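# Descriptive analysis of the structure
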Amino acid sequence: MKKMIGLITVFVIALTLLAGCNSSQQTSSPGTTPPNTTAPKLSGTISTNGSTSMEKVVASLIEAFKAENPDVTITYDATGSGSGITAATEGTADIGLSSRNLKDSETGLDATIIALDGIAIIVNNTNVVDNLTIEQIAGLFTGEITNWSQVGGADAPVAVIGREAGSGTRDGFESIIGVTEECIYDQELTSTGAVITAVSSNQYAIGYASLSAVSSEVKSVTVEGVQCTEDTILDGTYAIQRPFVMVTSSSKELSAAAKAFIEFALSDEATEIIANAGAVQAR
Amino acid sequence: MKIKAVMEKTMSCLFFICGMVTIAAVITISVYMVLSGIPAIKEVGLSEFLFGQVWKSTAAEPQFGILPFILTSVYGTLGACLVGVPVGIMTAVFLAKIASTRVAATVNTAVELLAGIPSVVYGLIGMIVLVPAIMQLFQLKNGTSLLAAIIVLAVMILPSIISVSRTALMAVPKEYEEASYALGATKMETIFKVSIPAAKSGIAAGIVLGIGRAIGEAMAVMMVAGNVANMPGLFKSVTFLTTAIAKEMSYASGLQKQALYSIALVLFIFIMIINVILNAVLKRGDKR
Amino acid sequence: MKNRLSVKRRAYGTILKGFILLCAGITVMLLAILIGFIFYRGLGNITWELLTTARSALKNTIGILPNILYTLYIILTTLVIALPVGIGAAIYLNEYAANKRFVRVIEFATETLTGIPSIIYGLVGYLFFCQKLGLGSSILAGSLTLVIMTLPTIVRTTQEALKTVPDSYREGAVALGATKWYMIRTIILPSSLDGVVGGAILSIGRIVGESAALIFTAGTGYALVTHYLQALGTSGGSLSVALYVYAFEQGEFDVGFAIASILIIIVLIINFMTKFVKRKLKKV
């Protein structure tokens, strides 16, 4: 009995010490104000929730923001655009993240577009197909085209990989290609990363994913001859693009830290950060 | 002395409250399930909901038929049992009747370890090893399938079946077996014609436990089954009752959200029925 | 007359025995392959950096220190609430309750709670703790959900432990004039300590392995929070949740296998500790 009490006490003391260590580091020296600070120190917790496509961009922004404002804790839950909008509406998150524009039915929300992102059409690295027209893409995803040879590839069946119904990526893809509600999927995954993984491990697969997440694991085909890059998104020649949106509730007052974070995402400092993460800052 | 009396009364009250918490928890969960699940069923219609074959929850004209999910869960659980039950019972027989003490101890540790592995780990291996293997073996264009889920579930329910069956087999009175030997039966005949039937109710309890685990599994299955709302086929991507909830829960709103609660209610009722059967089977076993 | 079995019976016997050995062999091999594969792909990826840093998008590195901390926070919070309540309920059931039917009702409730799948706990927890009580995605909401999940285990194991205390202890105490609470405090609880601790360790195992219930209540956050009270209100992913996010949602299989290896090591430790506790604390 005594041993247990002893162990528990030690454990609790250890935890409190850890906590104590952290808080003692945060007391800034009074009096000396460094010349570059523009505002009083921000603190608090900001909860962000939503799009998995925005993962890299948001994670980079969070880290850069935290470096300048160490007292602020920002959390990010990658649950999907639809979920992010729901979270902002219900107030369970401070900032909802959506990789599509708000629908008319989604009222009571303010949308701040922070970046533009391209939806890359990805195939397996072994696939010889280099270019697809929008018509061909529509055919592949609706099941009209069932063999890769019909679009210039090998004689092999087509495995269609997509996202869950609430996904901003799926919504953007389906509306631009014009195949809303008509796609026949072989797999419906819940994140952009999962689609990339599935396509990279299946030689017959085709899918769509956020440009910011695409890596050398998969091959992104040119659409109507246009490669998906930051430049072609910016000048509009790459057709399949959508906005990265920070969604906030119109009725709920945002904390100072949250407001500052959104302003940070729109600032000049963030241009390079967003570019490094693979998207284009919205101007 | 008064203080002592007050302490006594307080402590016994406290303990009573603790006991009530368990009941309160069950009642809260059941009430929540029923209250949240009924509206969608009323709106969609019970037979359309339970027997409709199309689930299009986010379409402009949404349809909420959950028959694909129900059938997938049923087939998946049946399939998992088909594979897992024989292997499980035989392993239990091995542990209880055939293995030497040292071998039995080692294998037992292995089974306990299997029981403790988190379901996401099974999902991970399923995703990386099983899905590509199925794709290659059966020359499919896509490996995520009901088959993958069945295999993963079968492995996951093995420990439950093994440990409960083993306990049941070890509890068979020695006299039964000795009488069987005395009558000239071989060891195998004794095991299959005397011990196993005698341990019937315990083994059944183990199987029902396994069924409960299989029908309630979400994460591992989500990583290998493809998550498309198809009517089940062994090599098609499928969605279970559990994964249907998991997939859409975070972003659903309005009728879609209520439909998800209704799926949870259906699942809940399934589990209740299984529990009731378990209790009935156990009681019957006790009477013998 | 020859005393040998007929060919048919002998054949039956051999086939059946072969089948039994095959099945047992499959089970053991399954475990060996599972653990072998995970360790093979995971142990090498457990680096010091992985264990002691948080994820950095700017530097493109992955660290699971926040997840380790969140797992500890969840375990601590859940046990702090569930142990007293569970032990209290068990004490009530075993020592105080006079009405047998009432005891059976509570036991049925406990049994029912055990059978409910974790996804339903996740859903109810999300509805009740996150939305209705306004806790949002947070460690506190996750812990409260897990409290309800682990309650049955703790109640049952404590009950078993209490039952093993011989009635003679109780009779002796009453004969010496001890009051009920005094008797429980000084005699019964200490004697049943091994069962109680065993139940706690078992619960820790369940908490560590839980993912479905936690994803929807405690979230998947990976921000490094070292202040316990602050963490209670933050969204944080435990190790199992982190495995799911890194492997399934981001395709970082190396990290996934590393976390899986860590989880298996934790399970091994827990299994070992359960047996150890049973042996060391058992007062014969």
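About the criteria used
- Residues numbered from 1 in each chain as written.
- Chains lettered and ligands numbered in written order.
- Predicted model: local features only at pLDDT ≥ 70, side-chain atom pairs only at ≥ 80, totals over all residues.
- Helix = DSSP H or I, 4+ residues; strand = E, 2+ residues; numbered from the N terminus.
- Buried ≥ 20, exposed ≤ 12 C-beta atoms within 10 Å, placed from the backbone.
- Contact = placed C-beta atoms within 7 Å.
- Axes fitted to C-alpha atoms, helices over the stretch in contact; angles between N-to-C directions.
- Parallel < 35°, antiparallel > 145°, perpendicular 65-115°, else oblique.
- Left-handed = near helix turned anticlockwise from the far one by under 90°.
- Nonpolar A, V, L, I, M, F, W, Y, C, P; charged D, E, K, R; others polar.
- Pairing = 2+ DSSP bridges.
- Right-handed = clockwise from strand over helix to strand, strands pointing away.
- Expected span 1.5 Å × (residues − 1).
- Arc of directions from axis to C-beta.
- Core = buried A, V, L, I, M, F, W, Y, C linked by C-beta atoms within 7 Å.
- pLDDT = per-residue confidence, 0-100.

What follows concerns the overall build of chain A. Secondary structure summary: chain A contains 9 helices and 12 strands in total. Here chain A, with 283 residues, has 47% of them falling under the buried criterion. Intrachain contacts of chain A at a sequence separation of at least 6 include 75% that bridge at least 24 residues.

Moving on, we come to the packing of helix α2 (residues 55-68) of chain A against helix α9 (residues 269-276) of chain A. All names here are of chain A. Where α2 contacts α9, the two axes come as close as 9 Å, and the packing angle between them is 140°. The pairing of α2 with α9 is recorded here as oblique in orientation. Seen from above, α2 lies across α9 with right-handed handedness. Contact residues: V57, S60, L61 and A64 in α2; A270, I273, I274 and N276 in α9. Looking at the contact of α2 with α9 residue by residue, the class counts come to 6 nonpolar, 2 polar and no charged.

Contact residues are listed per partner, giving 68 residues for chain C and 60 residues for chain B. Among the elements that line the side of chain C that touches chain B, the one with the most residues is helix α1 (residues 7-42) of chain C, at 18 residues. Counted by class, the side of chain C that touches chain B contains 50 nonpolar, 14 polar and 4 charged residues.

Residues and elements named next belong to chain C. Inspection of the secondary structure puts V255 in helix α13 (residues 253-281). Each C-alpha atom of the pair V255 and V147 lies 29 Å from the other, and the pair is 108 residues apart in sequence. The contact partners of V255, leaving out residues within four places of it in the chain, are N45, I62 and Y246.

Regular strands place their side chains on alternate faces of the sheet. Residues and elements named next belong to chain A. Across the 5 residues of strand β6 (residues 159-163), 5 count as buried, placing the element largely inside the fold. Of the two faces of β6, both are covered, the one formed by A159, I161 and R163 as well as the one formed by V160 and G162. Here 2 bridges tie β6 to strand β8 (residues 205-210), and the two strands are oriented parallel to one another. Each bridged residue has a counterpart across the sheet, and for A159 the counterpart in β8 is A205. Relative to strand β7 (residues 187-189), β6 runs parallel, the two sharing 3 bridges. Following the sheet pairing, G162 is matched in β7 by E188. Tracing the backbone out of β6, into helix α5 (residues 168-177) and back to the parallel element β7 gives a crossover that is right-handed.

This next bit is on the interface of chain A and chain B. In this complex, chain A contributes 19 residues to the contact, which on the side of chain B involves 17 residues. Among the elements of the structure, α3 (81-90) and β7 of chain A are those that each provide at least two residues to the side of chain A that touches chain B. When residues in the side of chain A that touches chain B are grouped by element, the largest group, 3 residues, is from α3(A). When its residues are assigned to classes, the side of chain A that touches chain B shows 5 nonpolar, 10 polar and 4 charged.

Residue position: L58(C) is located in the loop between β1 (54-56) and β2 (61-64). Residues L58(C) and F129(C), 71 residues apart in the sequence, show an inter-C-alpha distance of 34 Å. Ignoring any residue separated from it by four or fewer positions in sequence, one finds L58(C) in contact with S60(A), E63(A) and A64(A).

What follows covers helix α8 (residues 180-191) of chain C. The end-to-end C-alpha distance of α8(C) is 15 Å, a good match for the 16 Å that 12 residues give at a rise of 1.5 Å each. Of the residues making up α8(C), those classed as buried are W181(C), I184(C) and I188(C). Down the axis of α8(C), the sector holding all buried residues measures 85°, keeping them to one side. Turning to α8(C), the residues buried within the fold contact α1 (2-44) of chain B together with α3 (65-96), α6 (139-163) and α7 (167-175) of chain C.

So, about unusual backbone geometry. Backbone geometry at Q139(B) places phi at a positive 55°, although glycine is not the residue there. Note that Q139(B) resides in the loop between α5 (119-137) and α6 (146-170). Phi at N60(C) takes a positive value of approximately 60°, unusual for a residue other than glycine.

Okay, the nonpolar core next. Ranked by internal contacts, the top residues of the largest apolar core, which has 266 residues, are V152(B), I263(B), A264(B) and I259(C). Here this core takes 18 residues from α6(B), the largest share from any one element. Dropping the residues within four chain positions of it, A264(B) is found in contact with M33(B), G37(B), I245(B), I120(C) and L123(C).

With that out of the way, let us pick up the confidence of the model for chain A. Residue-level pLDDT values for chain A average 84, and 86% of them are 70 or greater. For residues 16-37 of chain A, every residue scores under 50 in pLDDT, and the model assigns this stretch 10 contacts once sequence neighbours within four places are set aside.

Let us look at the packing of α3(C) against helix α9 (residues 193-209) of chain C. All names here are of chain C. Between α3 and α9, whose axes approach to 10 Å, the crossing angle comes to 140°. What the angle tells us is that α3 and α9 run oblique. Along this stretch, α3 crosses α9, giving a crossing that reads as right-handed. Contacts from T71, I74, I75, T78, L79, A82, L83 and I87 in α3 reach V196, A200, S203, I204, I207 and V208 in α9. Among the residues making up the contact of α3 with α9, the classes are represented as 11 nonpolar, 3 polar and no charged.

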